[in-house]
Amino acid sequence: MIRGILKMGDARLLRVARPVETIDADLHRVIADMYETMEATNGVGLAAPQIGIDLRLMIFGFDANPRYPDAEPVPVTTLINPWLEILTEDKEDGWEGCLSVPGMRGLVPRATHIRYGGTLEDGTELQREAFGFHARVFQHEFDHLNGVVYPQRIKDMTQFGFIEALFPDSPLAELEAET
């Protein structure tokens, strides 16, 4: 089932999500709904708080995505109670969008090298290192679990705006106009 996505301004996006205590059929239904919702909206990730579910649960990953046509693939991953370790002080600015902030992009600094992990749907543990866009996607979704929406991380607000104003001649502007 495709779920509605909360928009920036909804107070539920600003809460720290609570840990998942049980992996059961209800949680698996939420995960399936999250994947269906992410796919229907051309997302590269989705955190449970974005659909109004107050749990530390996130999904991300894609082979190719029209909203980020130049991005390298990111492994499709479901993480329950994820954790993050920043492995470098190096940061890189990159354009981010968000299903909770539709039609907009902002230039966001993110750590370039991270280690992350959590519990998979089957109860096993995952630990992985990530660089580049993969690291950016994880950090973006992880922020949602801590009540942070990407515009809160933007350092220069002149680098935040509507896609059609920032990138008027790009196919992305046309794609966003269709949604």
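Residues numbered from 1 in each chain as written. Predicted model: local features only at pLDDT ≥ 70, side-chain atom pairs only at ≥ 80, totals over all residues. Heavy atoms only, no water.

A.B. asks: Which parts of the structure should I look at to understand the overall build of the protein chain?
C.D. replies: When you go through the protein chain residue by residue, the secondary structure sums to four helices and eight strands. Tracing the protein chain from N to C terminus, the helices and strands come up as α-β-β-β-β-β-β-β-α-β-α-α. The C-alpha atoms of the protein chain give 16 Å as radius of gyration, which agrees with the globular expectation for 179 residues (16 Å, within 12%). Across its three principal axes, the protein chain shows a C-alpha extent of roughly 45 × 40 × 30 Å. Taking the intrachain contacts of the protein chain between residues at least 6 apart in sequence as the baseline, contacts between residues at least 24 apart amount to 67%. Looking at the protein chain as shown, the accessible area adds up to about 8,800 Å², and 52% of this sits on carbon and sulfur atoms. Of the side chains in the protein chain, 16 bear a positive and 29 a negative charge, and the two mean positions are spaced by 6 Å. (Helix = DSSP H or I, 4+ residues; strand = E, 2+ residues; numbered from the N terminus. Rg over C-alpha atoms; globule rule 2.2 N^0.38 Å. Contact = heavy atoms within 4.5 Å. Areas by Shrake-Rupley, 256 points an atom, 1.4 Å probe, with all protein chains shown as cover. Lys, Arg positive; Asp, Glu negative; His and termini not counted. Charge placed at Lys NZ, Arg CZ, Asp CG, Glu CD.)

A.B. asks: I would appreciate a short explanation of the nonpolar core in the present structure.
C.D. replies: When a protein is soluble and globular, its nonpolar side chains tend to lie buried together. Counting residues in each nonpolar core, the largest one holds 20 residues, and the members touching the most others are M58, F60, L79, I114, Y116, F133 and F138. Listing elements by their share of this core, those giving two or more residues are β2 (57-62), β3 (74-86), β6 (113-119), β7 (125-131) and α2 (132-145). Ranked by residues supplied to this core, first place goes to α2 with six residues. The next biggest cluster of nonpolar side chains, apart from the first, holds 16 residues, and it includes I5, L57, I59 and L99. (Core = buried A, V, L, I, M, F, W, Y, C linked by side-chain atoms within 4.5 Å. Buried < 20%, exposed > 50% of the residue type's maximum accessible area, 1.4 Å probe, protein only.)

A.B. asks: Help me understand unusual backbone geometry, please; the structure alone is not making it clear to me.
C.D. replies: Only a minority of non-glycine residues have a phi that is not negative, and only a minority of peptide bonds are not trans. Of note in the backbone geometry, N42 takes a positive phi value of approximately 60° without being a glycine. Turning to its location among the elements, N42 is positioned in the loop between α1 (25-40) and β1 (45-47). N42 sits in the partly exposed class, given a relative accessible area of 27%. At N81, a residue that is not glycine, the phi angle is positive and equals roughly 50°. Assignment of secondary structure puts N81 in strand β3.

A.B. asks: I'm lost on the sheet that holds β3 in this one. Help?
C.D. replies: Read from one edge to the other, the open sheet built from five strands follows the order β1-β2-β3-β6-β7, with strand pairing classed as antiparallel. At either margin of the open sheet sits one strand with a lone partner, and together these are β1 and β7. Ignoring strand direction, the axes of neighbouring strands in this sheet form an average angle of 35°. Alignment of β6 against β7, held across seven bridges, turns out to be antiparallel. Note that in β7 the partner of H113 across the bridge is F131. Seen against the sheet, α1 touches β1, β2 and β3 and runs at an angle of roughly 40° to β2. Across the sheet, α2 lies against β1, β2, β3, β6 and β7, angled at about 65° from β3, the strand it touches most. (Pairing = 2+ DSSP bridges. Axes fitted to C-alpha atoms, helices over the stretch in contact; angles between N-to-C directions.)

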